[in-house]
Amino acid sequence: MKTVLSIQSQVAGARVGNSVAAFAMERLGVRVLQLPTVLLGRRPDHGPPGGGPIPAATLSAMIEGLAADGVLAEVDAVLSGYLGAADHVGVVLDAVERVKAANAKAVFVCDPVLGDDGKLFVRDEIADAVVNGLWRHADWLTPNVFELGLLTGRTVDSLESAREAARFVGKPVLCSSIRTALGLGNLLAAPTGDWFCETPRLPRAQKGAGDLLSALYVGRRVRGDALVVALEGATGSVYDVIVRSLAADSEDLLLPAAQELLEEPVTWPRARSLERV
């Protein structure tokens, strides 16, 4: 069975971070080992969330526990997401190094969860640690347009500017939330080509939609789906889950109620190949 080590937030009362990623990838048949970077009662945008960041020493000790059981050799991908402290970067990189030493084929996927719509939602020191350290060690990146701009020091506000920023990165990038005349699109920029997949505009999206997209794409790729199939399937599933959640007037993603859409989305948007310039 394919295995992903997912290092991101855990929020008891919300479908974000590992509460999204683990559910989605396991629905695709991928085993998920969860390491929480924070333990919170609710989302911080609701007010004081309760709980807090996991100490770096505790995270490191949890990785030691996995290593002691020989589990690191079974990991096919490490997926990092929301970090609760700047020193988590060193813990993530140590985990990646140890996983790759045990399994040379493993990949590190960095979802640089820093902010959206022009605003940071992590502390400056965390953003600095990710921008100036973590992402450069990744094999794949899954930022939104705002985060891609932060990583590259560029203004990213269109498909073309996202493609230029991805070329600057020089490694596979899945960039989400690119506004188009139709709605929103996701760019997959890879050494073999660029593809763009878009869905109609919706009135809003629940928190955690970006976590869901990254998880579905990684899960599909790890289990063997081709690049474009993974892009199309992940894009369609996220759109369908948002639609189902909006129809229920839910503030959270209704993953249990919509779980069949993670494997078999009703909407299957076709990605178009973009001409190289």
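Predicted, not measured: the structure shown is a model, and the values here were computed from it. (Residues numbered from 1 in each chain as written. Predicted model: local features only at pLDDT ≥ 70, side-chain atom pairs only at ≥ 80, totals over all residues. Heavy atoms only, no water.)

> Can you break down the overall build of the protein residue by residue, with the values?
For the protein, the helix and strand inventory stands at 9 helices and 12 strands. Its C-alpha atoms give the protein a radius of gyration of 17 Å, within 12% of the compact-globule value 19 Å for 277 residues. C-alpha extents for the protein along the principal axes are approximately 50 × 40 × 40 Å. The buried share among the 277 residues of the protein stands at 55%. Partitioning the intrachain contacts of the protein with sequence separation of at least 6 by distance along the chain shows that 68% fall at a separation of at least 24. Working note: accessible area of the protein is about 11600 Å², and carbon and sulfur atoms make up 54% of it. (Helix = DSSP H or I, 4+ residues; strand = E, 2+ residues; numbered from the N terminus. Rg over C-alpha atoms; globule rule 2.2 N^0.38 Å. Buried < 20%, exposed > 50% of the residue type's maximum accessible area, 1.4 Å probe, protein only. Contact = heavy atoms within 4.5 Å. Areas by Shrake-Rupley, 256 points an atom, 1.4 Å probe, with all protein chains shown as cover.)

> I'd like a rundown of helix α5 (residues 145-152), residues and numbers included.
Burial within α5 is extensive, with 7 of its 8 residues counted as buried. Within α5, burial applies to Val145, Phe146, Glu147, Leu148, Gly149, Leu151 and Thr152. Among the residues of α5, the N-terminal cap falls to Asn144, whose side-chain oxygen and the backbone nitrogen of Phe146 are separated by 3.1 Å. Once α5 ends, the next one or two residues include Gly153, with phi positive near 70°. (Polar contact = N/O pair within 3.5 Å; in protein donor to acceptor, adjacent residues only side chain to side chain.)

> Can you lay out the pattern of salt bridges for me, pointing to particular residues and giving the numbers?
With the rule as written, the count across this model stands at 17 salt bridges. Here Glu74 ties to Arg31 by a salt bridge, and the two come within 2.4 Å at their closest N and O atoms. With Glu74 in the loop between α2 (56-68) and β4 (77-80) and Arg31 in strand β2 (residues 31-40), the pair connects residues that are 43 residues apart, well separated along the chain. Under the relative-accessibility criterion, Glu74 is labelled partly exposed at 38%. Residue Arg220 pairs with Asp225 through a salt bridge whose shortest N-O separation is 2.8 Å. Owing to a relative accessible area of 2%, Arg220 belongs among the buried residues under this scheme. (Salt bridge = Lys/Arg side-chain N within 4 Å of Asp/Glu carboxyl O.)

> Before we move on, could you go through unusual backbone geometry and cite the residues and values that matter?
Phi is positive for Ser177, close to 65°, though the residue is something other than glycine. Within the secondary structure layout, Ser177 lies in strand β9 (residues 173-179). Judged by relative accessible area, Ser177 falls into the partly exposed class, the value being 24%. For Asp249, which is not glycine, the phi torsion reads 55° and is therefore positive. Relative to the helices and strands, Asp249 is located in the loop between α8 (227-247) and α9 (260-263).

> So what about the packing of aromatic side chains? Which residues, and what values?
Applying the stated rule across the entire model yields 1 aromatic pair. Taking the centre distance of 6.2 Å and the plane angle of 65° together, the rings of Trp140 and Tyr217 count as edge-to-face. Placement of the pair is Trp140 in strand β8 (residues 140-141) and Tyr217 in helix α7 (residues 209-223), with a sequence separation of 77 residues. Residues Trp140 and Tyr217 agree in their burial class; the two are buried. When the ring centre of Phe23 is taken as reference, the NZ or CZ atom of Arg15 above it lies at 5.2 Å. (Phe/Tyr/Trp six-rings, centres within 6.5 Å; stacked < 30°, edge-to-face > 60°. Lys NZ or Arg CZ within 6 Å of the ring centre and 35° of its normal.)

> Explain empty space enclosed by the protein residue by residue, including any values.
Counted under the stated rule, the structure contains 2 cavities of 30 Å³ or more. Taken as a whole, the largest cavity encloses approximately 50 Å³ of empty space. Counted by class, the lining of the largest cavity contains 9 nonpolar, 2 polar and 1 charged residues. For the second largest cavity, the calculated volume is near 30 Å³. Around the second largest cavity, the lining residues are Trp140, Leu141, Pro172, Val173, Leu174, Leu188 and Tyr217. For the lining of the second largest cavity, the secondary-structure elements that each account for two or more residues are β8 and β9. For the lining of the second largest cavity, the residue count by class is 7 nonpolar, no polar and no charged. (1 Å grid on protein atoms, 1.4 Å probe; cavity = no way out; pocket = protein on both sides within 12 Å on 5 of 7 lines; lining within 4 Å. Points joined across faces, edges and corners; volume = space filled by probe spheres on them. Nonpolar A, V, L, I, M, F, W, Y, C, P; charged D, E, K, R; others polar.)

> Give me the pairing of strand β5 (residues 107-110): which residues, what numbers.
Judged by which residues are buried, β5 turns out to be covered on both faces: Val107 and Val109 on one side and Phe108 and Cys110 on the other are all buried. Both β4 and β5 contribute to a ladder of 4 bridges, which runs parallel. Within β5, the position partnered with Val78 by the bridge is Phe108. Remark: the β4/helix α3 (residues 88-102)/β5 crossover connection has right-handed handedness. Both β5 and β8 contribute to a ladder of 2 bridges, which runs parallel. Bridge pairing in β8 links Cys110 to Leu141. (Pairing = 2+ DSSP bridges. Right-handed = clockwise from strand over helix to strand, strands pointing away.)

In short, geometric facts, not functional conclusions.
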